[in-house]
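Architecture at a glance
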Amino acid sequence: MKNYHKLFCLSAFTLVGCFSSLAGPASSQAVVSGHGLDDLRFKVLGVVRSEMNWVTRTQDCYYVETPTEWSCEWGSHSGGGRYPYLWRVESDGTLVPPPLGIRSAVPLGGLGAGTVELRADGSFQDWNIFNNSPGGGGSKVQLHDALFGIWVQPWGQSSQAFAVRTDSPAGLRPIAQIEYSGAFPVSRLRLSDPSLPIGVELFAYSEWAVGNPEASATPAIVFTFHLTNSLPQPVSAAVCFNLPNHIRGVASALKRGLRWDCPGSTPVSGSMVVQVGGDASVSGRTANDLGEVWADFSRDGTFSNAVSDGVAAQGAVAAKVNIPAGATRDINLVFAWYFPNRTFAHDSERIGNFYSTLYKDAGDIASKTLERLPQTWDRLYQWQQICFDNDLPDLLQDAMINSVATMAKTGVWTENGRWRQWESFSCPALDPVHIHLYRALPYAFFFPSLEKSELRGYASHQDADGYIRENLGTSKKQLDKAGGRWMGDCTPGFILEAYGTSLWAGDREWLNEMWPHVRKAAEWEINRSAQFGLPERLNNTYDWWKFQSKDVVAYNAVLYAAGLRAAAKMADLVHDTKFAEECRQQAEKAAKRMDDLLWTGHYYRAWWMNKGTYSDALHADTLYGQLWASLLDLGWVVDPAKARSHLAAEAEFNNSPYGLKVMSHRGSDMIDDLIWEAGSLDWATLNLYLGGSVNASFAEADKVIGKWRTHLADFWDWRDLSRSDDGQPWCNSHYARQVILWAIPLALSGQHYSAVRKQLTFDPKPGAPSRLPWFVPGASGVLESKPQGQFALRVLAGTLELNQWSIGDVTSSRPAVLSAGDVVFLKPDQTNR
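Residues numbered from 1 in each chain as written. Predicted model: local features only at pLDDT ≥ 70, side-chain atom pairs only at ≥ 80, totals over all residues. Heavy atoms only, no water.

Considerations on helix 13 (residues 640-653)
When the terminal C-alpha atoms of helix 13 are compared, their 20 Å separation across 14 residues agrees well with the 20 Å that a helix rising 1.5 Å per residue should span. All buried positions along helix 13 are accounted for by A643, H646, L647, A649 and E650. Along helix 13, the residues classed as buried sweep out an arc of 155° about the axis, all on the same side. Contact partners of the buried residues in helix 13: strand 28 (618-619) and helix 14 (678-689). Sitting at the amino-terminal end of helix 13 is D639, which places a side-chain oxygen 3.0 Å from the backbone nitrogen of A641. (Helix = DSSP H or I, 4+ residues; strand = E, 2+ residues; numbered from the N terminus. Expected span 1.5 Å × (residues − 1). Buried < 20%, exposed > 50% of the residue type's maximum accessible area, 1.4 Å probe, protein only. Arc of directions from axis to C-beta. Contact = heavy atoms within 4.5 Å. Polar contact = N/O pair within 3.5 Å; in protein donor to acceptor, adjacent residues only side chain to side chain.)

Structural data, given as structure tokens:
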């Protein structure tokens, strides 16, 4: 790496609205910079037409969530469970995947507040807002009569009404085509029809504020209709939203909407509100029949304001505007909900919802959400900057922005402030450590308080001997009733996360709080490794191979060594010198024992037995612990040359078109040929840290990302396992193991950050894109390679305080405080060119 000297140049370019200035959910004090929905970007789209035909076919699986069940019947490892999967039927009868946005779509709602999906055909699916979950509150909910309508009348002509559905309920005129795009937390639907005289674009989105989880927990969805009149005469236009009364609430008319109230203490007791902003003319009605609602709206784009005093099956709100020739009008509509009585499985334990501490009812939510719209648009734009303002491949950018959707889809935020997340709905355990480690990076960088909440949960239920339990409850147990199996990745995973959070957040109180738990965890690890120098007879996240019956497992061994190095670093921070040295000695011993017991000469075998025979099975993702060691700048826990050889073996023997097969060299069991989605993403990241080809890393990541994005067009419902022969889903639903893909940009830039030392370093990989994202808690930006070896460090959002920073082997120790819009240029030393 060339030597560099530093030249500061703070540009006049300013982007207002840093993380630290973002106000809470009830505040209107945040600075607004004027970004709107038209500034948002989308990477892919799906086109759905009314003439398309669909069919559901059942497929073999192990267990998978279905549209009507949290999990279908379990099958054997070789299959047997059956689940329905949607296909499009071509004119010759061939079954092909549907367009993007049909099988799954962006989940709309707040963190821990429940979500709904607006699909590419205009239908609303997966109503998880009613406290319904595998852990209590009821079964899955699908409300097929929920829909939007459009009414249009050009001046001097007859009116027309369309359902915003390509396959609408009987009696309603469908729209001919919808073009869908999704970039969490925003969906965009563009409508077209030969008979539709205006342009209609619908944005559906949730509040999302990086660095402010409370402002991201709003139980509401905003729907913004852009209505464009390209005709030479004025047009009257209206939109309506029909909402089935699932809670059996009593409706009441609002000045600009409708409200439903359901008294009591059940999971669906609470309120819902549909409210319209702006100056549109608003009307509403209730009825027991959707056809009655539609007939009323179709006449003139308004409702008769007939709101019954009883419990009607349907309720609808219409908003009507006049659009001058050549003009565009927006209609903003908010759907808000407030159901404070979330329960959990064990004796219907009431855990509540955190959002009930922020708002008093659904009306309060709707009004404040409408007030905050300009601020919301700015926050959405800032989030897109983090993911899109760089030169990463579109595929990776799209995966970054949409991978965090699992936080909203499967997250739980209790009334007393505990943040929890399901492993998945179809495998309903809360926060298995071995799964959360894969999804921890966005938490650590963008919502560190939620990350701390989870780690506190693990620490508070730590066994007396130091072991960290597998999970914080299941759908059949009390929340935070820790339990699970004896695992080799839970305790080191906890250590790695605790150190990472301490390193990146720079919170001394947090460090002091966690250190006693980390020390005990490391002691447990060392004690468990007394016989072989490596942890013995422990299962792990790749549980189908019954690792608990095997003396030493390579996956566990690498994580163990990485965890010890993290514990040593944490011990240094608290000045526990003696224990730091012990951890380092044990880590060195572990590295030697891995070579002695597991190295085949070409790769690390998956396991070793002290007695009896064992194969030279090759497990993809064996070196996952090394990935975390690289992310945390802990050094090499395995020899780099051997790591390169191991990755080459995985690429040769475990290869498939849809990702790395999980196991080879073991036999003919079909489970060896399954794809566990993180394996390829971890391979891609480690290959970068080892100096491998950037293109090879992108290609391997593309196999699994492209499978869900394009091959299956099921981008918002990643299953944890898929088949290697055809890429079809095999097990689990709405999973998050793939969120580890956020490690790829960190590896490309070589970013390491210490908030403790206020130090930020980079070591960009040869062949990396010229503009790379960086992100730390409280700030984000771009590292840009310029001509003649010059670099620019640009802050896009937040405030970054540094005492020391470097690129390559040259360090500057001049303190700096950089804010949004600031840029620092570095150019090569003239004497070393």
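Picking up after the structure, the text goes on.
Here's the deal with the packing of helix 10 (residues 554-573) against helix 12 (residues 624-631)
Interaxial distance between helix 10 and helix 12 falls to 7 Å at its minimum, and their mutual angle equals 20°. Overall, the two elements helix 10 and helix 12 adopt an arrangement that is roughly parallel. Seen from helix 10, the contacting residues are Y555, V558, L559 and A562; seen from helix 12, they are Y624, G625, Q626 and A629. The residue inventory of the contact of helix 10 with helix 12, partitioned by class, reads six nonpolar, two polar and no charged. (Axes fitted to C-alpha atoms, helices over the stretch in contact; angles between N-to-C directions. Parallel < 35°, antiparallel > 145°, perpendicular 65-115°, else oblique. Nonpolar A, V, L, I, M, F, W, Y, C, P; charged D, E, K, R; others polar.)

Section: the pairing of strand 2 (residues 46-49)
Here strand 2 shows one buried face, formed by G46 and V48, and one open face, formed by V47 and R49. Across four bridges, the pairing between strand 2 and strand 11 (residues 177-183) is antiparallel. Counted as the bridge partner of V48 is I178 from strand 11. (Pairing = 2+ DSSP bridges.)

Quick notes on the side chain of D193
Secondary-structure assignment places D193 in the loop between strand 12 (186-192) and strand 13 (199-205). Here D193 sits buried without a salt bridge, and the closest side chain of opposite charge, R173, lies 4.5 Å off (N-O distance). Here A176 takes part through its backbone nitrogen, which lies 2.9 Å from a polar atom of the side chain of D193. Residue contacts for D193: discarding those within four places in its chain leaves F162, R173, P174, I175 and A176. (Lys, Arg positive; Asp, Glu negative; His and termini not counted. Salt bridge = Lys/Arg side-chain N within 4 Å of Asp/Glu carboxyl O.)

Here we look at the packing of helix 3 (residues 373-388) against helix 4 (residues 394-403)
Each pair of packed helices can be summarised by the angle the axes make with each other and by the distance between the axes. Remark: helix 3 packs on helix 4, axes separated minimally by 9 Å, with the N-to-C direction vectors making an angle of 140°. Judged by the inter-axis angle, helix 3 sits oblique to helix 4. When you trace helix 3 past helix 4, the crossing you get is right-handed. On helix 4, the residues that touch W383, Q384, I386, C387 and F388 of helix 3 are Q397, D398, M400 and I401. When its residues are assigned to classes, the contact of helix 3 with helix 4 shows six nonpolar, two polar and one charged. (Left-handed = near helix turned anticlockwise from the far one by under 90°.)

Focus: the confidence of the model for the protein
For the protein, per-residue confidence averages 93 on the pLDDT scale, and residues scoring 70 or more make up 95% of the total. Taken as a whole, residues 1-31 scores under 50 in pLDDT and shows 97 contacts with residues more than four places along the chain or in a different chain. (pLDDT = per-residue confidence, 0-100.)

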